[in-house]
Amino acid sequence: MSNQSIDTNQQDVNARVEEFIADIAPDQGNYQSIAQQLQDFIYQLIDETKQTERINQLKSSYALILEKLSSSITHGQKIQLLLWLGHKYEQLGEWAESLKAFENVVELADTDEFYKQKVEALRWIGHIHVMQNNWDAASSSYEKSLAKSIENNDFEEEAHARNALGYFFFEKGNFSDASTEWESALEIAERIDETRLVASFCTNLGILANVQGQWEKALAYYNESIPRLEQVGQRRSLAETYHNMAMTYAGVQRWAEAGSFYEKSYTLAKEIGDIRLQATLKLNRVKLYLAINDLTYAKAFCQHAMRVFSRLEDHLGEAD
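Residues numbered from 1 in each chain as written. Predicted model: local features only at pLDDT ≥ 70, side-chain atom pairs only at ≥ 80, totals over all residues. Heavy atoms only, no water.

Asker: Can you lay out the overall build of the protein for me, pointing to particular residues and giving the numbers?
Answerer: Each helix and strand counted, the protein has 16 helices and zero strands in total. Scored against the burial criterion, the 320 residues of the protein give a buried share of 47%. Excluding contacts between residues fewer than 6 apart, the proportion of contacts in the protein whose partners are at least 24 apart in sequence is 56%. As presented, the protein carries roughly 15800 Å² of accessible surface, and 46% of it is formed by carbon and sulfur atoms. (Helix = DSSP H or I, 4+ residues; strand = E, 2+ residues; numbered from the N terminus. Buried < 20%, exposed > 50% of the residue type's maximum accessible area, 1.4 Å probe, protein only. Contact = heavy atoms within 4.5 Å. Areas by Shrake-Rupley, 256 points an atom, 1.4 Å probe, with all protein chains shown as cover.)

Asker: Quick rundown of helix α10 (residues 195-211)? Include the residues and the values.
Answerer: The end-to-end C-alpha separation of α10 is 25 Å, in line with the 24 Å expected for 17 residues at 1.5 Å each. Every buried residue belonging to α10 is among Leu197, Val198, Ala199, Phe201, Cys202, Thr203, Asn204, Leu205, Gly206, Leu208 and Ala209, and all of these are buried. Close packing links the buried residues of α10 with α8 (155-171), α9 (175-191), α11 (215-232) and α12 (235-251). Following α10 by one or two positions, glycine 213 adopts a phi angle in the positive range, close to 80°. (Expected span 1.5 Å × (residues − 1).)

Asker: Now, about the packing of aromatic side chains: what can you tell me, with residues and values included?
Answerer: By the definition in use, this model includes 10 aromatic pairs. Summarising the aromatic geometry, the rings of phenylalanine 102 and tryptophan 124 are spaced 6.4 Å apart at their centres and angled 25° between planes, so their arrangement reads as stacked. Taken together, the residues span a long stretch of sequence, with phenylalanine 102 in helix α5 (residues 95-108) and tryptophan 124 in helix α6 (residues 115-131) at a distance of 22 residues. The burial state of phenylalanine 102 is the same as that of tryptophan 124; both residues are buried. Here tyrosine 142 and phenylalanine 168 contribute two aromatic rings whose centre-to-centre distance is 6.0 Å and whose plane-to-plane angle is 70°, an arrangement assigned as edge-to-face. Here tyrosine 142, found in helix α7 (residues 135-151), pairs with phenylalanine 168, found in helix α8; they are 26 residues apart in sequence, far enough to count as distant. Under the relative-accessibility criterion, tyrosine 142 is labelled buried at 0%. Look at phenylalanine 168 and you get buried, because its relative accessible area is 7%. (Phe/Tyr/Trp six-rings, centres within 6.5 Å; stacked < 30°, edge-to-face > 60°.)

Asker: Any chance you could break down the pattern of salt bridges for me, citing the residues and the numbers?
Answerer: Inspection of every chain in the model, using the stated rule, returns 16 salt bridges. The salt bridge involving lysine 100 is made with glutamate 97; its shortest N-O contact spans 3.7 Å. Taken as a pair, lysine 100 and glutamate 97 lie in helix α5 at a separation of three residues, close to a single helical turn. Across the pair glutamate 156 and arginine 196 runs a salt bridge, and its minimum N-O distance is 3.6 Å. Highlighted residues: glutamate 156 in helix α8 and arginine 196 in helix α10, separated in sequence by 40 residues. Overlapping salt bridges bring together Glu90, Arg236, Glu240 and Asp274 as one network. (Salt bridge = Lys/Arg side-chain N within 4 Å of Asp/Glu carboxyl O.)

Asker: Before we move on, could you go through a negative patch on the surface and cite the residues and values that matter?
Answerer: A grouping of Asp12, Glu18, Glu19 and Asp23 is seen on the molecular surface, where their side chains present a negatively charged patch. Mapped onto the secondary structure, glutamate 18 falls in helix α1 (residues 2-22). You can call glutamate 18 exposed: its relative accessible area is 52%. (Patch = residues over 30% accessible without salt bridge, like charges linked within 9 Å, V, L, I, M, F, W, Y side chains within 5 Å. Lys, Arg positive; Asp, Glu negative; His and termini not counted. Charge placed at Lys NZ, Arg CZ, Asp CG, Glu CD.)

Asker: Can you lay out the side chain of arginine 162 for me, pointing to particular residues and giving the numbers?
Answerer: Topologically, arginine 162 is positioned in helix α8. Arginine 162 gets classed as buried once you look at its relative accessible area, which sits at 19%. Those residues within four positions of arginine 162 in sequence are excluded, and the remaining contacts are Leu146, Ile150, Glu181, Trp182, Ser184, Ala185 and Ile188.

Asker: Describe unusual backbone geometry, and please don't skip the residues or the numbers.
Answerer: One non-glycine residue with positive phi stands out, namely asparagine 153, at about 55°. On the secondary structure map, asparagine 153 appears in the loop between α7 and α8. Unlike most non-glycine residues, aspartate 193 shows phi in positive territory, near 60°. Mapped onto the secondary structure, aspartate 193 falls in the loop between α9 and α10. Residue classification places aspartate 193 among the exposed residues on the basis of a relative accessible area of 64%.

Asker: Lay out the packing of helix α2 (residues 31-45) against helix α3 (residues 51-69) in plain terms, naming residues and giving numbers.
Answerer: Relative orientation of the contacting elements α2 and α3 amounts to 150°, with a least axis distance of 10 Å. One element, α2, and the other, α3, form an angle in the roughly antiparallel class. By crossing handedness, the relation of α2 to α3 is classed as right-handed. Residue-level contacts link Tyr31, Ile34, Ala35, Leu38, Gln39, Ile42 and Tyr43 of α2 to Gln51, Arg54, Gln57, Leu58, Ser61, Tyr62, Ile65 and Leu69 of α3. Grouping the amino acids of the contact of α2 with α3 by side-chain chemistry returns 10 nonpolar, four polar and one charged. (Axes fitted to C-alpha atoms, helices over the stretch in contact; angles between N-to-C directions. Parallel < 35°, antiparallel > 145°, perpendicular 65-115°, else oblique. Left-handed = near helix turned anticlockwise from the far one by under 90°. Nonpolar A, V, L, I, M, F, W, Y, C, P; charged D, E, K, R; others polar.)

Here you go:
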């Protein structure tokens, strides 16, 4: 009886997704919006506890969209849609699919007209390689992104590339070079008056101050970042900054503030579907539960985080 119900539900999901895709008109234009609507639709059809089913349905559905639009979509639109898909897969922890999408962008963006998409894809290829401990591949992608940005005299993209290199050095434990790259990125962002980038780079410098034990300096950077992130609507970055503030407060045993910011971050992470950040938040809340002697919750959160990191093949997360 139960198995029959599951089969029927899956057939219903497939049928309704096929109807959604059949109604897509080639002249609708904003294909990223269509793909986002599809994701939202699938999330309504499939319960959030069945994350694997959601992801598998999304993968097959995105492929059908690309196939249906292949005759009408322009070269530039295909690049943008693949870039969008790369980001979506990365957020969902589907790194193999994300890497494939970004590598397709690099291959297709072979003219100067699409260099911005190319350098963005190269940065994210680097990020995924860092999470998989592929340091040489990560470094190569980051350096290519920086070189292409400088070649095109694009200060905004150079700031992004230097920020990415700062992340690389930070993960390698080279805090001096990380500081140099992040401060250079912040200087460029302030010079070209890019609020979103200033917020992001302040967050990174806050993280750096935090790991060096300078918690008041870290909080000052985060407080510079938060209103800017709220202003530009960067929910993922805001979730990450709330998380960083929670860890900073936890580091000085201010548990009430830590718990409050963990909760704010987790709420946003669930809303945007960031699986890795949700797992990281559960892992870092273990310290809070240990501090208040709640070993049951501490163990449960740690085990849940381990299962997610193992599924994602996130070796840095597993090690933590």
